[in-house]
Amino acid sequence: MAISRYLESRKNIAGSACGLVGLALTFTGVAGPYWPVVVAGLYGAGALIAPPERPPLPNFPDPSAQLEELRGDFAQLGDYLAEVDLPPASAGRLTELTDLLAALLAAGWVAEVLAQDPEGVHTLSRAVRQDIPEAVDSFVRTRWWTRMAPGSEPPERHLQRQLTLLQEEAERLAVALRETEARRQESHTRYLEDRGRAN
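Below or above, wherever it landed, is the structure these notes cover. Note that the structure is a prediction, hence the values are computed from the model and not measured.

Another point: the nonpolar core. Within the largest apolar cluster, 30 residues are counted, with the highest numbers of intra-cluster contacts made by L101, L124 and I132. Of all the elements in the fold, those that place two or more residues in this core are α4 (63-82), α5 (88-105), α6 (109-115), α7 (118-148) and α8 (155-198). Apart from the residues lying within four places of it in its own chain, the contact partners of I132 are L77, L81, L94, L97, L101, A127 and L166.

For the rest of this paragraph, the subject is the packing of α5 against α8. Each pair of packed helices can be described by the angle between their axes along with the distance between the axes. Running from amino to carboxyl end, α5 crosses α8 at an angle of 25 degrees, the nearest separation of the two axes being 9 Å. One element, α5, and the other, α8, form an angle in the roughly parallel class. The interaxial crossing formed by α5 with α8 has left-handed handedness. Here A89, S90, R93, L94, E96, L97, L100, L101 and L104 of α5 come into contact with α8, specifically with E156, L159, Q160, L163, T164, L166, Q167, A170, E171, L173, A174 and L177. Tallied by class, the residues present in the contact of α5 with α8 amount to 13 nonpolar, four polar and four charged.

The next subject is the side chain of E169. For E169, the position within the fold is in helix α8. Of the polar contacts made by the side chain of E169, one reaches the side chain of R126; its length is 2.8 Å. Apart from the residues within four sequence positions on either side, E169 is in contact with T123, R126 and D131.

About the criteria used
Residues numbered from 1 in each chain as written. Predicted model: local features only at pLDDT ≥ 70, side-chain atom pairs only at ≥ 80, totals over all residues. Heavy atoms only, no water. Core = buried A, V, L, I, M, F, W, Y, C linked by side-chain atoms within 4.5 Å. Buried < 20%, exposed > 50% of the residue type's maximum accessible area, 1.4 Å probe, protein only. Helix = DSSP H or I, 4+ residues; strand = E, 2+ residues; numbered from the N terminus. Contact = heavy atoms within 4.5 Å. Axes fitted to C-alpha atoms, helices over the stretch in contact; angles between N-to-C directions. Parallel < 35°, antiparallel > 145°, perpendicular 65-115°, else oblique. Left-handed = near helix turned anticlockwise from the far one by under 90°. Nonpolar A, V, L, I, M, F, W, Y, C, P; charged D, E, K, R; others polar. Polar contact = N/O pair within 3.5 Å; in protein donor to acceptor, adjacent residues only side chain to side chain.

Read these as spatial facts, not as claims about activity.
Here's what the structure looks like:
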């Protein structure tokens, strides 16, 4: 493994190229009887001056693979949310939010545009994996304590506000994706118009 890696390395390639120059000098008669020293010396010089090897880039999953994984997590979130009993207003807000997230994560052109936006993928990932489960779980835990000590601020109000903020964030992402696609379309139109003028 190490030998094959060295054979493909820049040092070996540069050394071999310089060694070939040494052979050319030998065949032209310049190196004389010392040709083995000349070839070996040029090979060594080439290997020394070659740039160092770069370590390979880490193999991170591309955004489309991240989206596929996120779709699986979204399905798990849906199973969790189906078992939670929420007040009607919060349940309606949550349904609107999850419908919007489902549309953003659905396979198709939206996902293709989203796959080119790592920040958008991060926003969706944070909503699905952290924000929504935390908001619902906090509500469920706090509601139990509120029943034990009535008179405090209802947890439904906080859940409603949290879900509203998450929906606004998802809507901003949807608008940004739509604007990105609109700019792409306008750019392609300008390209075609410029190409038509050039012909």
